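If you want the building blocks of each chain, they are given just below.
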Amino acid sequence: MEILSSPFTSHASTLRSPFPVNFFRTGFVFSLPRLKTQASPSRKRGLAFTKASVAVEQQTMKSKVAIIRIGTRGSPLALAQAYETRDKLIATHSELAEEGAIQIVVIKTTGDKILSQPLADIGGKGLFTKEIDEALINGDIDIAVHSMKDVPTYLPEKTILPCNLEREDVRDAFISLSAVSLAELPAGSIVGTASLRRKSQILHRFPSLSVVENFRGNVQTRLRKLNEGVVQATLLALAGLKRLNMTKNVTSILSIDEMLPAVAQGAIGIACRTNDSKMADCIASLNHNDTRLAVACERAFLETLDGSCRTPIAGYACKHEGGTCIFRGLVASPDGTSVLETSREGPYALEDMILMGKDAGKELLSRAGPGFFGC
């Protein structure tokens, strides 16, 4: 596991914090030698100056001790999500605005290290979270910031995830230098993606296109490859482009009907240790409940399907105008020749939404039958 620390200065906030000023702070103790004789007035002034200097030094040293260490991947998008978390923490807890109070700790994950193979081939769960979770459990960081679509349906022991930030736009963006949509790409055009979900849905609707599956790297790398003509088009999560202020690169936006998003796409999750109640309370204060419930519904669907190997799965829950939850789920064969979809509607409440997700998953498992995914 590779860890790189980088402190960031935060601006002061005028918002009132529910925590005392020394809520998380680690202190330093300084003591002065006891005097045996009566000090002269000039010496008293010197002692007063010394005490003041020590107090200043003590406060300075305190400010250099991170109150919260945020663990994250090092990609521009992952860092943008860590900064968003930092800013929300500062806005909610004014003591965190002090210089050095929040530290960003960059951690390389397995998914970041192995770029030469498709994600489906390097297999397993937690390709982008495992090392960060290990750092959290070992006490190297205090909280972990994840893209929720990267988080396995189970959490490692000794960790909890009490917070989802408000979800960004869940749709996928189409980016091309030669066409305005997938439908306008000429037959044989190459579309680059690292997502089996996108690949299967593209091929299902446009079987004349060719999809390169190992189109990996951060957003900037993929756009560079597109500009170099490696592919004629690519699809990226609109949420990431918005967080990077890169929406100028978007050619068009695919509707939910055209491309059902990944489970938990656009959502950020913040985890901490199970036994760290103070940190749990701190990050829980940032939780966006509608997002949390929608993500729980989608993840219940994914968990029921137990997606593994080469399994294209998509799921999306949202609040309808009438206040109910609308859920849509999809499973597909990797080549896109077969796509199965289902939907549910019910109360926008945690237990009901989890049951909806599970029920939808059971239905698709039954309809797909043995061997559907070819694993």
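Because the structure is a prediction, the values reported are computed rather than measured.

A. Up close: the overall build of the protein. The helix and strand tally for the protein stands at 11 helices and 14 strands. Each of the 375 residues in the protein was classed as buried or not, and the buried ones make up 47%. For the protein, contacts bridging at least 24 residues in sequence account for 72% of all contacts bridging at least 6. Summing over all exposed atoms, the protein offers an accessible surface of approximately 18000 Å²; the carbon and sulfur share of this is 52%.

B. How the structure looks around the nonpolar core. Within the largest apolar cluster, 24 residues are counted, with the highest numbers of intra-cluster contacts made by I68, I70, L89, L96, I143, I270 and I283. At the level of elements, β2 (68–72), α2 (76–92), β3 (102–108), β4 (143–147), β11 (268–273) and α9 (277–284) are the ones that each hand at least two residues to this core. Not counting residues up to four positions away in its chain, the partners in contact with I270 are T85, I143, A144, I160, L161, P162, C163, L165, I283 and L286. Counting residues in each nonpolar core, the second largest holds 18 residues, with L305, A317, A360 and A368 among its members.

C. Looking closely at the environment of A179. Position of A179 among the secondary structure elements: in the loop between β6 (172–176) and β7 (190–192). Taking C-alpha positions, A179 is 8.4 Å from Q232, a pair spaced 53 residues apart along the chain. Other than its neighbours up to four places away in sequence, A179 contacts F174, E184, L185 and T251.

D. Region of the structure containing the layout of surface pockets. A volume near 270 Å³ is recorded for the second largest pocket. Surrounding the second largest pocket, M148, T153, L155, L161, N164, R292, V295, A296, R299, A300, E303 and I354 form its lining. Elements supplying a minimum of two residues to the lining of the second largest pocket: β5 (159–164) and α10 (289–305). Top element by residues in the lining of the second largest pocket is α10. It accounts for six residues. Class assignment of the residues belonging to the lining of the second largest pocket gives a composition of seven nonpolar, two polar and three charged. When we break the lining of the second largest pocket down by domain, the ones giving at least three residues each are domain 1 (65–165 + 267–287) and domain 3 (288–369).

E. Expanded view of the pairing of strand β9 (residues 233–237). Among the five residues of β9, five are classified as buried, and the element is accordingly described as predominantly covered. Taking every second residue as pointing to the same face, both faces of β9 are buried, with A233, L235 and A237 on one and T234 and L236 on the other. Pairing analysis gives five bridges linking β6 to β9, with the strands arranged antiparallel. Within the sheet, the bridge partner assigned to D172 lies in β9 and is A237. Sheet analysis places β7 next to β9, joined by two bridges and oriented parallel. Pairing of G192 across the sheet is with T234, part of β9.

F. The arrangement of the confidence of the model for the protein in detail. Per-residue pLDDT for the protein averages 84, and the proportion of residues at 70 or more is 77%. Predicted confidence for residues 6–45 stays below pLDDT 50, and this span has 66 contacts to residues more than four positions away or in other chains. Note on residues 47–63: pLDDT is under 50 here. Beyond four places in sequence and across chains, it has 22 contacts.

G. Region of interest: the state of the cysteines. Scanning all chains against the criterion turns up zero disulfides. We note that C297 lacks a disulfide partner, and the nearest cysteine sulfur, in C325, lies 4.5 Å from it. The class of C297 is buried, set by a relative accessible area of 0%. Here C318 stays unpaired: no disulfide links it, and the sulfur of C325, its closest cysteine neighbor, is 6.9 Å away.

H. Quick peek at the sheet that holds β7. Here we have five strands laid out as an open sheet, ordered β8-β7-β9-β6-β10, and mixed in their pairing. Strands with a single pairing partner mark the edges of an open sheet, and in this sheet they are β8 (210–212) and β10 (252–253). Pairing of β7 with β8, which is carried by three bridges, proceeds in the parallel orientation. Bridge pairing links G192 to V212 in β8. Sheet strands in contact with helix α6 (residues 196–205) are β6, β7, β8 and β9, and its direction is about 130 degrees off that of β9.

Basis of the calculations
- Residues numbered from 1 in each chain as written.
- Predicted model: local features only at pLDDT ≥ 70, side-chain atom pairs only at ≥ 80, totals over all residues.
- Heavy atoms only, no water.
- Helix = DSSP H or I, 4+ residues; strand = E, 2+ residues; numbered from the N terminus.
- Buried < 20%, exposed > 50% of the residue type's maximum accessible area, 1.4 Å probe, protein only.
- Contact = heavy atoms within 4.5 Å.
- Areas by Shrake-Rupley, 256 points an atom, 1.4 Å probe, with all protein chains shown as cover.
- Core = buried A, V, L, I, M, F, W, Y, C linked by side-chain atoms within 4.5 Å.
- 1 Å grid on protein atoms, 1.4 Å probe; cavity = no way out; pocket = protein on both sides within 12 Å on 5 of 7 lines; lining within 4 Å.
- Points joined across faces, edges and corners; volume = space filled by probe spheres on them.
- Nonpolar A, V, L, I, M, F, W, Y, C, P; charged D, E, K, R; others polar.
- Domains from an automatic or database assignment.
- Pairing = 2+ DSSP bridges.
- pLDDT = per-residue confidence, 0-100.
- Disulfide = S-S within 2.5 Å.
- Axes fitted to C-alpha atoms, helices over the stretch in contact; angles between N-to-C directions.

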